[in-house]
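Spelled out from the first residue to the last, the chains are:
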Amino acid sequence: MPLGDNLGDKSDSRYCGVETDFNDDMPHVLSYNINGGFDFVVAPLMEPGYRPSLINSTRRESSVLPFAGSDLVLSPAQWSSHVVGKVSSWIDLDSEDDVLREDSEIALKQEIAWASHLSLQACLLPTPKGNSCANYARCVNQILQNLNNMQLWLRIPLVKSDVGDDDSLNGTSDGMVVEPTDSWELWNSFRELCEHHSQLSIALDVLSSLPSVNSLGRWFGEPVKAAIVHTDSFLTNARGYPCLSKRHQKLLNGFFYYSIQIVLSGKAVHKLPVASSPSGPSQTDNYAQQAQRHEIRSYLDYVGYLYQKMEPLSEQERFELGYRDFLQSPLQPLMDNLEAQTYETFEKDSVKYIQYQRAVSKALVDRIPDENASTTTVVLMVVGAGRGPLVRASLQAAEETGRKLKVYAVEKNPNAVVTLHSLVKLEGWENSVTIISCDMRCWEAPEKADILVSELLGSFGDNELSPECLDGAQRFLKPDGISIPSSYTSFIQPVTTSKLYNDVKLHKDLLHFETAYVVKLHRLAKLSPSQPVFTFTHPNHSSNKTNQRYKKLRFEAPIDTGSFIVHGFAGYFDAILYKDVHLGIEPSTATPNMFSWFPIFFPLRSPMYVKAGSPLDFHIWRCCGNTKVWYEWSVTSPTASPIHNSNGRSYWVGL
């Protein structure tokens, strides 16, 4: 039974599981836990006392493995939807004991084969034991090469001790120094050995003590599928019921937001108060109800309470749900004509056009004093008019401020021009709007403009050739003319995003790792605050009008984050439309409820490991040729990456 209804949320985090002990009566295990309110069980598949070496070699071929019941005891749908297999916890593939190591390898492969036979969606692997996990990873990697669609969840405890902690870097009784522990390092070495396989994911063991907020943040960019919360991590509230600390509550909210399923584990450790009632019979009923209830139902109820307490998804978030972590190639606005559906999507973004209207209003008031408002006509050119939303916003600004306006709407897409003519006729704008069906770079204007308005910005500001277009259109402007936008700056930051890295890797070629994608970023960890990259100002009166750029940036993560892995860089922009009117998607200053732009993502061909406290040096170039503009990017510290997209060989924007 789902944890509750949260408007717009259809993700897996609605479903809560429970970890169970071995029981060869799987129908009973399933019915008890499903009736108890859980959606699935994480159940051992093999009798815990089984060891392959204890079976006589002559009997081995004919012996029946002690699995938890035949595949026929549950329907295929029940196995698939309600059971996650749990591999035996005694398994230790890196043991120095040869017999144990060989037993572990045989048993692991037998149990995964059985789980695969049952068509389970996932199987929980035990936590690697000790510092070395090379042989364990080797065996898992072999299994992954031939696995069906099943996910393997590697159990990792959520542990990180910092240098300042009481239990780290302290001398032990025998004088040895204890190094700080960070379970992320264990996960990272295992995943590296398994070549970042997309079917290897994480089940985090959430304990009563949590690492720092920055350290926890790393995990949201990793492929965490489940969080196992232990009953002894719960506190007791004033009424005697289980509850979680504020930090644990915030962490669970993060799990819900990122579609990570909660699994409860352990026995009931709270003695619940029996509800008192003035009448005798109902008290007896209470005892009967308590006996029938699942022993850890009160913990499940609390998790459900946290889920239902979450803010429902906003209208914008519901709109963006289908785009989350979906890689899209950026638009080629000069080479290609946009389709009607694309125009319609952008035109629905009312927030953007309200900002444009505010900017035009301020520019009109600054341009024409009130005493001249009735006698002076302002010439305004919309370059890249599309189907007319900026024309409408400009005319509304003129009406709002009481200024007279003459509008030139310049648009190269002949299909959009048809719509523009229809709009002008419908709205009765014939006397104030002139439509020019032409590429702005080729048009010879009959007069100079007071104001030049455009919406040529891309997710990275300049990535849809706004600088080239507006430099070309600058000849339309009077010497003291106003450009809206007047300037824009790109921003970039390093991110962990295992999901996007694996999606790019699926293509198995260089081209896709050297393409910048537009993507609604969701499952990611932002490792360091974004930094400004390139700024363009319009009109550009400088004598050196090159739009080539180069920037070197140094990123440093907070020291308590620990080590991390960088899969690529997330790019944003912030634009000043006019004076104090801005719009943008840079996270710290983003315009609320605006959906016209998703961030841009620059992938790295090989994920970059950055040790705790080490800086990350990133270089990015904006290169201009006769027929195209492109970006090149690379990392030089802590280790050097290749320069991506040299000469625009994989990705460019055509002029």
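Naming follows an unreviewed UniProt entry, where the protein appears as Protein arginine N-methyltransferase of Tagetes erecta. Entered under Sequence similarities (unreviewed entry) in the UniProt record, the comment concerning the protein runs "Belongs to the class I-like SAM-binding methyltransferase superfamily." As recorded by UniProt, the Subcellular location (unreviewed entry) comment attached to the protein reads in full: "Cytoplasm".

Bringing the pairing of strand E22 (residues 581–584) into the picture now. Look at any regular strand and the pattern is simple: side chains alternate between the two faces of the sheet. Taken together, the four bridges between strand E21 (residues 564–578) and E22 define a ladder with antiparallel strand orientation. Counterpart to alanine 575 in the pairing with E22 is leucine 583. Remark: two residues form the turn of the hairpin made by E21 and E22, two consecutive strands paired antiparallel; lysine 579 in that turn has positive phi of roughly 55°.

As a further point, take the UniProt feature "site: Critical for specifying symmetric addition of methyl groups" (unreviewed entry) in the protein. Cross-referencing UniProt, the feature "site: Critical for specifying symmetric addition of methyl groups" (unreviewed entry) maps to Phe346 in the present numbering. Relative to the helices and strands, phenylalanine 346 is located in helix H12 (residues 340–347). Residues contacting phenylalanine 346, with those up to four places away along its chain left out, are Leu331, Lys352, Tyr353 and Ser596.

Moving on to the UniProt feature "binding site: S-adenosyl-L-methionine" (unreviewed entry) in the protein. UniProt marks Tyr343, Lys352, Tyr353, Glu411, Asp439 and Met440 with the feature "binding site: S-adenosyl-L-methionine" (unreviewed entry), using the numbering shown here. Over a stretch of 98 residues, the named residues are scattered through the fold, their C-alpha atoms separated by up to 23.9 Å. Cross-referencing the annotated residues with the second largest pocket identifies Tyr343, Lys352, Tyr353, Glu411, Asp439 and Met440 as lining it. The topology assignment puts aspartate 439 in the loop between strand E13 (433–437) and strand E14 (449–454). Accessibility expressed as a relative area gives 17% for aspartate 439, which makes it buried. Residue methionine 440 is classed as buried on the basis of its relative accessible area, which comes to 8%. When residues no more than four places from it in sequence are discounted, the contact partners of methionine 440 are Val383, Gly384, Val410, Leu456, Cys469, Ala473, Arg475 and Phe476.

Core analysis: the largest hydrophobic core is formed by 101 residues, its most contacted members being Ile484, Ile492, Phe569, Phe602 and Ile620. If you tally residues by element for this core, the top one is E21, at nine residues. Here isoleucine 484 is in contact with Tyr356, Ala359, Val360, Ala363, Ile451, Leu452, Val453, Ser454, Leu577 and Tyr578, once residues within four sequence places are set aside.

Another point: the packing of aromatic side chains. For the structure shown, the criterion picks out 25 aromatic pairs. Pairing phenylalanine 319 with tyrosine 323 gives two aromatic rings, centres 5.8 Å apart and planes at 40°, and the pair type is tilted. Judged by relative accessible area, tyrosine 323 falls into the partly exposed class, the value being 30%. Note on phenylalanine 602 and tyrosine 631: the rings are 5.7 Å apart at their centroids and 85° apart in plane angle, and the pair reads as edge-to-face. Taken as a pair, phenylalanine 602 in strand E23 (residues 600–610) and tyrosine 631 in strand E25 (residues 628–637) lie far apart in primary sequence, 29 residues in all. A single burial state applies to phenylalanine 602 and to tyrosine 631, both of which are buried.

A separate point is the pattern of salt bridges. Overall, the coordinates contain 29 salt bridges when judged by the stated rule. Put simply, lysine 109 and glutamate 105 hold a salt bridge, and the shortest N to O gap is 3.3 Å. With lysine 109 and glutamate 105 both in helix H4 (residues 98–117) and four residues apart, the pair spans about one turn of that helix. Residue class for lysine 109 comes out partly exposed when judged on its relative accessible area of 32%. In this structure glutamate 105 comes out as partly exposed when scored by relative accessible area, which is 22%. In this structure, aspartate 182 engages arginine 218 in a salt bridge whose closest nitrogen and oxygen atoms are separated by 2.9 Å. Remark: arginine 218 occurs in the loop between helix H7 (213–217) and strand E7 (224–230) and aspartate 182 occurs in the loop between strand E5 (151–157) and helix H6 (183–193); sequence separation between them is 36 residues. With respect to burial, aspartate 182 and arginine 218 carry one shared label: buried. Via salt bridges that share partners, Glu19, Lys86, Arg155 and Asp205 belong to a single interconnected network.

Conventions adopted
Residues numbered from 1 in each chain as written. Predicted model: local features only at pLDDT ≥ 70, side-chain atom pairs only at ≥ 80, totals over all residues. Heavy atoms only, no water. UniProt positions renumbered as here; feature names shortened; annotations may be inferred. Pairing = 2+ DSSP bridges. Helix = DSSP H or I, 4+ residues; strand = E, 2+ residues; numbered from the N terminus. Contact = heavy atoms within 4.5 Å. 1 Å grid on protein atoms, 1.4 Å probe; cavity = no way out; pocket = protein on both sides within 12 Å on 5 of 7 lines; lining within 4 Å. Buried < 20%, exposed > 50% of the residue type's maximum accessible area, 1.4 Å probe, protein only. Core = buried A, V, L, I, M, F, W, Y, C linked by side-chain atoms within 4.5 Å. Phe/Tyr/Trp six-rings, centres within 6.5 Å; stacked < 30°, edge-to-face > 60°. Salt bridge = Lys/Arg side-chain N within 4 Å of Asp/Glu carboxyl O.

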